[in-house]
Amino acid sequence: MQGSLSQDAVKIILVTAVLIWVMPLLIGTYTLTVLIVYGMLGLSLGLIWGFGGILCFGQAAFFGLGAYTYAIAAINLGESTVPMILAVLVPGLFAALLGAMMFYGRLNDVYLGVITLVVTLILFKFINSTAGPQYVIGTARLGGFNGIPGFQTLNVPGDPDAYIWGDSYFYVCAVLLGLVFFLVTALLRSSFGRIAVGIRENETRMSLMGYDVRARKTLLFATGAAIAGLAGALFANWAEIVTPNLFSLGQSAEIIIWCIVGGLGTRLGPVLGAAGLAYLKFLLGQQAVVDNTLITGLILVLFVLFLPKGVVPALADLWKVSFGRRPLGRIHQQRRMRNREHRNG
Amino acid sequence: MAELVLETQGLTMRFGGVVAANNVDFKLRARELRCLIGPNGAGKSTFFKCVTGLQTPTEGEVYMRGVETTHWMPHQIASLGVGIKTQTPNVMDSLSVFENIWLAARRFHEPQEANRKTQEIIERLALGAIARDDLGRLAHGERQRVELGLVAVGDPWLVLLDEPAAGMSAEDVERMTAIIHELNKTAAIIIVEHDMQFIRSIAEVVTVFHQGEVLMEDHVDRVMSDPMVRNVYLGKKA
Ligand SMILES: Nc1ncnc2c1ncn2[C@@H]1O[C@H](COP(=O)(O)OP(=O)(O)OP(=O)(O)O)[C@@H](O)[C@H]1O
Ligand SMILES: [Mg+2]
């Protein structure tokens, strides 16, 4: 990454501020809020997949876990601050355990995909089957396929009667996304982030240099899950109900598609991919002519075929070609000449 | 006599019916430079992988500076101060030369010191002109040199190089030789090689592998003129 972290901070604050101001002129804040939540969810997978090389087919599991943790804790506690914190910690710890099992067990990528997928399915099936009155945690009934409605939504910390809703809730979500985006940026700039990218590039080499790849992947995986958990809690507050559908495989697949379309290996790509495709889905949902999933599938196929790097990297390349500083100097000249020699010799 | 930095006792590695390494007893002392030679499939790389933790031997033990490391993982062995280069190029292709070496340096140093160390290695290995280039775009010889940089930046006391000169130009090999001599001032080194000229220019003691076993271990001149070695190795090769 170029520049310094404080420059990044300034950029993120400016962009967040402008978007908070401009976007509500175009789209209603209620819809915007859920787009922000999905953006955060996209970012969570974009972090572990794009920068850590961990393709998780069950990111929705952590999203759902965050939402349910929030709902259950909010019903029991009657306020929102501790539930919000728990909604980050519980998925994070769950992922740390699951990740440790997978990475210390030296499972390869395919098994990792299968296991995360199966865990999502199990959670989905389990939550769906908890309709009976015996499934309670504290005073919260799990409610099976009906989900959990009627929990305390976000309030000003320390004042359970001061609800944060409507436009205010939109501002909170937008600022939180900006904050998470900044934290991800800081993480990627840190040694931890650079080492994670090294591991993505070549695990064997990194372990031959003395890095414990298993521990680092576990930690990164848990970080991604914690972010997904926060997004889940924000979603729960927005929807004011949590249902097993949060854990669905369809949701997990969608997150993967957001990342591919937006651009892996970038921070912005998954956020924009998520918000853009979710908005498209919202627009399509208002008509009945074409099927929603069909369009999503079509978009995925078109991207894989024609823009496999995704929107953001493609735009960045275009920008570099049109306006960027030309790579000047000897080195590149030498490279060109050497390449020519290669071809000729 | 100098300290034993590496010792294997009865090291054996079987893949199904294939005995890739058979009862290998091997000793290496501090600051020694040893070459391993042997025909294709002799078990050199297998021996290497067992020593570096990339594979766990079926039988036998590995000791490094007196500590048993037989069942250790590669990162634990590397953390002791062992620099490793595998036979196939093993680098981070989409990262720059600087970033590659920095990651190796960061394992043993704080970020600022890692920056300094990286810069130092880049100068020592004459990589300055390509420091910002991605590894994937470099020529083979340059990549090999960077990989040697990854090994050197950790200030290792034991260096294991599997075919470092393979596919390199004469000029690159010469540069590689200088770097290896430099490393050898502080580290014991094992080099697996096929290039006889390179071995002659660099080695004193040579260990010959054949069908998983140590066939002979002696001074390079005596090894090269030994009829048995010529038969199994040079006869076929040269
Ligand atoms: N993972 C494996 N599974 C099965 N057999 C293997 C494996 N690795 C090596 N072998 C076999 O073990 C024997 C020794 O191979 P090794 O790679 O150690 O030879 P080498 O001396 O390094 O050869 P080269 O000079 O070609 O690199 C060969 O017969 C090889 O086919
Ligand atoms: Mg080999």
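Residues numbered from 1 in each chain as written. Chains lettered and ligands numbered in written order. Predicted model: local features only at pLDDT ≥ 70, side-chain atom pairs only at ≥ 80, totals over all residues. Heavy atoms only, no water.

Turning our eyes to something else, we now look at the overall build of chain A. For chain A, the count of helices and strands is 14 helices and 6 strands. In terms of C-alpha radius of gyration, chain A reaches 22 Å, essentially the compact-globule figure of 20 Å for 345 residues. Taking the principal axes of the C-alpha coordinates as reference, chain A spans close to 80 × 50 × 45 Å. Taking all 345 residues of chain A together, the buried fraction comes to 48%. In chain A, of all internal contacts separated by at least 6 residues, the share reaching a separation of at least 24 is 76%. Here chain A has roughly 16,900 Å² of accessible surface; of this, 69% comes from carbon and sulfur atoms. Across chain A, the mean location of the 23 positive side-chain charges is 18 Å away from that of the 14 negative side-chain charges. (Helix = DSSP H or I, 4+ residues; strand = E, 2+ residues; numbered from the N terminus. Rg over C-alpha atoms; globule rule 2.2 N^0.38 Å. Buried < 20%, exposed > 50% of the residue type's maximum accessible area, 1.4 Å probe, protein only. Contact = heavy atoms within 4.5 Å. Areas by Shrake-Rupley, 256 points an atom, 1.4 Å probe, with all protein chains shown as cover. Lys, Arg positive; Asp, Glu negative; His and termini not counted. Charge placed at Lys NZ, Arg CZ, Asp CG, Glu CD.)

Below, the discussion takes up the side chain of B:Glu193. Tracing the backbone through its elements, the reader meets B:Glu193 in the loop between strand E8 (188-192) and helix H7 (196-202). In this structure B:Glu193 is buried but unpaired, with B:Lys85 as the nearest side chain of opposite charge at 7.7 Å. (Salt bridge = Lys/Arg side-chain N within 4 Å of Asp/Glu carboxyl O.)

Each pair of donors in an ideal octahedron of six around a metal sits at 90 or 180 degrees, and each pair in an ideal tetrahedron of four sits at 109.5 degrees. Taken together, B:Ser45 (OG) and B:Gln87 (OE1) make up the full set of protein donors to the magnesium ion (ligand 2), lying 1.9 to 2.1 Å away. Here B:Gln87 lies in the loop between strand E6 (82-85) and helix H3 (97-106) and B:Ser45 lies in helix H1 (residues 44-52), a separation of 42 residues in the sequence. (Donors = N, O, S within 2.8 Å, 3.2 Å for Na, K, Ca; no water.)

All names here are of chain B. Taken in spatial order, the 4 strands of this open sheet run E2-E1-E4-E5, and their pairing is antiparallel. Among the strands making up the open sheet, the edge pair consists of strand E2 (18-29) and strand E5 (67-68). Pairing of strand E1 (residues 4-15) with strand E4 (residues 59-64), which is carried by 5 bridges, proceeds in the antiparallel orientation. For Thr12, the partnering residue across the bridge sits in E4 and is Glu59. Lying on the sheet, H1 is in contact with E1, E2 and E4; it crosses E1 at an angle near 115°. (Pairing = 2+ DSSP bridges. Axes fitted to C-alpha atoms, helices over the stretch in contact; angles between N-to-C directions.)

Residues and elements named next belong to chain B. Near ligand 1, the surroundings consist of 13 residues, among which Asn40, Lys44, Ser45, Thr46 and His194 are the closest. Ala42 places a main-chain nitrogen or oxygen 3.2 Å from an oxygen atom of ligand 1. Residue Lys44 places a side-chain N or O atom 2.7 Å away from an oxygen atom belonging to ligand 1. Taken by itself ligand 1 offers 630 Å² of open surface, and the protein chains cover 64% of this. Per-element tally for the shell around ligand 1: the top contributor is H1, with 3 residues. Residue composition of the shell around ligand 1, grouped by class: 4 nonpolar, 7 polar and 2 charged. (Near = heavy atom within 4 Å. Polar contact = N/O pair within 3.5 Å; in protein donor to acceptor, adjacent residues only side chain to side chain. Nonpolar A, V, L, I, M, F, W, Y, C, P; charged D, E, K, R; others polar.)

Turning next to the sheet that holds E6(B). All names here are of chain B. If you walk across this open sheet you meet the 6 strands as E6-E7-E8-E3-E9-E10, and the pairing is mixed. Unpaired on one side and paired on the other, E6 and strand E10 (213-219) mark the two borders of the sheet. Put simply, the sheet's adjacent strands are angled 15° from each other on average, direction ignored. Sheet topology note: the E6/strand E7 (residues 158-162) ladder contains 4 bridges and is parallel. Bridged to Ile84 within E7 is Leu160.

Counted by the stated rule, this structure contains 21 salt bridges over all chains. One network of salt bridges, with partners in common, ties together A:Asp8, A:Lys11 and A:Arg189.

Of note, B:Glu147 is situated in helix H5 (residues 140-152). Excluding anything up to four places from it in sequence, B:Glu147 contacts A:Arg205, B:Lys85, B:Thr86, B:Pro89, B:Asn90 and B:Val91.

On to the state of the cysteines, then. Under the counting rule described, the total for this entry stands at 0 disulfides over all chains. A:Cys259 supplies the cysteine sulfur nearest to A:Cys173, a cysteine that is in no disulfide, at a spacing of 19 Å. (Disulfide = S-S within 2.5 Å.)

Okay, the confidence of the model for chain B next. Chain-level statistics for chain B give a pLDDT mean of 93 and a share of 97% at 70 or above. Interface predicted TM-score (ipTM) for the complex: 0.94; the corresponding pTM is 0.92. (pLDDT = per-residue confidence, 0-100.)

Right, let's talk about the packing of helix H2 (residues 29-50) of chain A against helix H11 (residues 268-285) of chain A for a bit. All names here are of chain A. Contact geometry for H2 and H11: axes closest at 7 Å, N-to-C directions at 140°. Between H2 and H11, the angle falls in the class oblique. Here H2 runs over H11; the crossing is right-handed. Judged by residue contacts, Thr31, Leu35, Tyr38, Gly39, Gly42, Leu43 and Gly46 of H2 engage Pro270, Val271, Ala274, Ala275, Ala278, Tyr279 and Phe282 from H11. Residue classes in the contact of H2 with H11 are distributed as 10 nonpolar, 4 polar and no charged. (Parallel < 35°, antiparallel > 145°, perpendicular 65-115°, else oblique. Left-handed = near helix turned anticlockwise from the far one by under 90°.)

Our next topic: unusual backbone geometry. Residue and element names in this part refer to chain B. Here the phi dihedral of Asn23 falls at roughly 55°; this positive angle occurs in a residue that is not glycine. Notably, Arg31 is not glycine yet its phi reads approximately 65°, a positive angle. Inspection of the secondary structure puts Arg31 in the loop between E2 and strand E3 (33-37).

Turning next to the packing of helix H4 (residues 81-104) of chain A against helix H5 (residues 109-128) of chain A. Residue and element names in this part refer to chain A. One can describe the packing of H4 onto H5 by two numbers: an axis separation of 11 Å at closest approach and a directional angle of 145°. Helix-helix and strand crossings are classified by hand; for H4 and H5 the assignment is right-handed. Contacts from Phe94, Leu98, Met102 and Phe103 in H4 reach Leu112, Ile115, Thr116, Val119 and Leu123 in H5. The class makeup of the residues in the contact of H4 with H5 is 8 nonpolar, 1 polar and no charged.

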